[in-house]
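Summary of structural features
Listed here are the chains, written in short residue letters.
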Amino acid sequence: MALLNQGQPYHGSTNIAGGKLKGSTNFSPLSDYFYFLCPNCDGKEIMRILDYEVRSHQAENVYNQFYARKALNGFVLAFHLFCEKCQCEDFVKITNTVWQQGNIEDT
Ligand SMILES: [Zn+2]
């Protein structure tokens with residue numbers, strides 16, 4: 001697989017930081033697919049995922065020591081997002097190695 005962003009540095013912008021990027025499963029009652037929604041467009045405009053990268057993978061999850069239920073591993077996935085409607089382009093990461101619970105507004 002090619003490097004995300006052609007190997008150039010990347011990080012999510014202030015356009016998505018601070019709770020501005022939201023997502024949802026779609027409205028089909030049987031679908032479990034998750035979509036990122038454009039922070040610029042009105043409504044719930046789906047952003048395309050142009051690329052992704054496994055930023056890190058650890059055999060042990062550092063948070064397992066604090067919880068009864070154990071994660072099988074630790075990971076960070078990065079995604080390159082793009083909105084066809086407004087041309088907004090950004091990056092976001094999903095991980096199980098930082099905040100593990102609680103109200104997201106308190107993080
Ligand atoms: Zn948009």
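Look above for the structure.
All figures in this text were calculated on a predicted structure; none of them were measured in a lab.

1. Examining the overall build of the chain
If you tally the helices and strands in the chain, you get zero helices and five strands. Going from N to C terminus, the chain has its helices and strands arranged as β-β-β-β-β. Dimensions of the chain along its principal axes, counting C-alpha atoms only, are 45 × 35 × 30 Å. Looking at the chain as a whole, 7% of its 107 residues qualify as buried.

2. Some words on unusual backbone geometry
With a phi close to 55°, Asn5 is a non-glycine residue in the positive phi region. Tracing the sequence through the fold places Asn5 in the segment before strand E1 (22-25). With 15 C-beta atoms counted inside 10 Å, the residue Asn5 sits in the partly exposed group. Positive phi, close to 50°, is recorded for Gln6, a residue that is not glycine. Topologically, Gln6 is positioned in the segment before E1. Taking the C-beta count within 10 Å as the criterion, Gln6 has 8 such neighbours and is therefore assigned exposed.

So, how was this worked out
- Residues numbered from 1 in each chain as written.
- Predicted model: local features only at pLDDT ≥ 70, side-chain atom pairs only at ≥ 80, totals over all residues.
- Helix = DSSP H or I, 4+ residues; strand = E, 2+ residues; numbered from the N terminus.
- Buried ≥ 20, exposed ≤ 12 C-beta atoms within 10 Å, placed from the backbone.

So far we have only geometry, and geometry alone does not tell us how the molecule works.
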